[in-house]
Amino acid sequence: VPSELRARVLDSPDLLLQLFEMARSRRLKIDSDLLDEVHSHMDSVSSEAFRTPEVSRVFLKILAGPGAVASTLEAMHRAHLLEKIIPVFATLRGLMQFNQYHKYTVDEHTILAVAKAEAIAQEPTVIGQVCQEMKRKDLLHLAILLHDLGKGRKEDHCEVGKVIAEETAARLGCDELETRTLVFLVHRHLLMAHTAFRRDPYDEKVLVPFAKAVGTPDVLRKLLVLTAADIAAVGPGVLTKWKESLLAELFLRTLPVV
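Everything numeric here is computed off the predicted structure, so don't read it as measured data.

1. A word on the overall build of the protein
And then number 1: Tallying secondary structure elements over the protein gives 16 helices and zero strands in all.
And then number 2: Over its C-alpha atoms the protein spans a radius of gyration of 19 Å, differing by no more than 12% from the 18 Å that the globule rule assigns to 258 residues.
And then number 3: In terms of principal-axis extent, the alpha carbons of the protein reach across some 65 × 40 × 35 Å.
And then number 4: Contacts in the protein between residues far apart in sequence, at least 24 positions, make up 73% of those at least 6 positions apart.
And then number 5: Accessible area for the protein stands at about 12,600 Å²; split by element, carbon and sulfur atoms hold 56% of it.
And then number 6: Here the protein contributes 33 positive and 35 negative side-chain charges, whose respective centroids are spaced 4 Å apart.

Pasting the structure below:
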């Protein structure tokens, strides 16, 4: 019986996603043999087959958590399933980043950044508290997953990322507000770090344009956590207490005027 059931699951994008969501919610590890089986099966399945409302719904459920979001995404990536929902993942597998900061490939860095966001939510800090209280963690984690996927092309990765975010939002059936939030977070994911580390948050000429660009408290909260998670996922010890305090300060200064 199990082999017949396996075949049914492998042939159904909806059931496959539900398998990963069930494993996530129950904190179960999917057997590596099964991951390999999914992987070998994926070559013969088009990404269009995964473009269903049910796949989108369950994928966003996986991204929402709570818990085991990054490890589930990692298992999906290993099984070549993630790239069926976000096709650009296929081209980024193992893409090296040739600068002195990053010690991870692009795909490793983005999934690790999701793990860092999950870890930040457990910390008794300003950023941790913001993350704990956040609504729609699925959108936060999706933005983190997409934020660097524009790398590996000649154009600015933020501009490429903007298009990827637009395509992903359309593919997952996001509404206008969700799409706007996702696209802004991916397109401007460096804005908060640049503002916090290079500018003076007590200068109105800095604070007002930043607040205007961000637009809403919800986007500000998500941008704060994305920025911290992105920096933490560059390498061990890169997100220092000093950087955290600068980000938190900018956040707290901006919140009343956004």
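So much for the structure itself; the text now carries on.
2. Remarks on the pattern of salt bridges
And then number 1: One pass over the full model with this rule turns up eleven salt bridges.
And then number 2: Through salt bridges with shared partners, a single ionic network connects Arg136, Asp138 and Glu178.

3. Some points on the side chain of Thr227
And then number 1: Its place among the elements puts Thr227 in helix H15 (residues 217–232).
And then number 2: You can call Thr227 buried: its relative accessible area is 2%.
And then number 3: Separated by 2.6 Å, the side chain of Thr227 and the backbone oxygen of Leu223 make a polar contact.
And then number 4: Filtering out sequence-adjacent residues up to four positions away, Thr227 remains in contact with His189, Met192, Ala193 and Leu247.

4. Here we look at unusual backbone geometry
And then number 1: Residues Gly65 and Pro66 are joined by a peptide bond in cis, for which omega reads 5°.
And then number 2: Inspection of the secondary structure puts Pro66 in the loop between helix H4 (53–64) and helix H5 (69–78).
And then number 3: Phi angles above zero are rare outside glycine, and Arg27 is one such case at about 55°.
And then number 4: Here Arg27 shows up in the loop between helix H2 (13–25) and helix H3 (32–42).
And then number 5: Not every positive phi belongs to a glycine, and His80 is a case in point at roughly 60°.
And then number 6: Relative to the elements of secondary structure, His80 occurs in the loop between H5 and helix H6 (82–85).

Cut-offs used in this document
- Residues numbered from 1 in each chain as written.
- Predicted model: local features only at pLDDT ≥ 70, side-chain atom pairs only at ≥ 80, totals over all residues.
- Heavy atoms only, no water.
- Helix = DSSP H or I, 4+ residues; strand = E, 2+ residues; numbered from the N terminus.
- Rg over C-alpha atoms; globule rule 2.2 N^0.38 Å.
- Contact = heavy atoms within 4.5 Å.
- Areas by Shrake-Rupley, 256 points an atom, 1.4 Å probe, with all protein chains shown as cover.
- Lys, Arg positive; Asp, Glu negative; His and termini not counted.
- Charge placed at Lys NZ, Arg CZ, Asp CG, Glu CD.
- Salt bridge = Lys/Arg side-chain N within 4 Å of Asp/Glu carboxyl O.
- Buried < 20%, exposed > 50% of the residue type's maximum accessible area, 1.4 Å probe, protein only.
- Polar contact = N/O pair within 3.5 Å; in protein donor to acceptor, adjacent residues only side chain to side chain.

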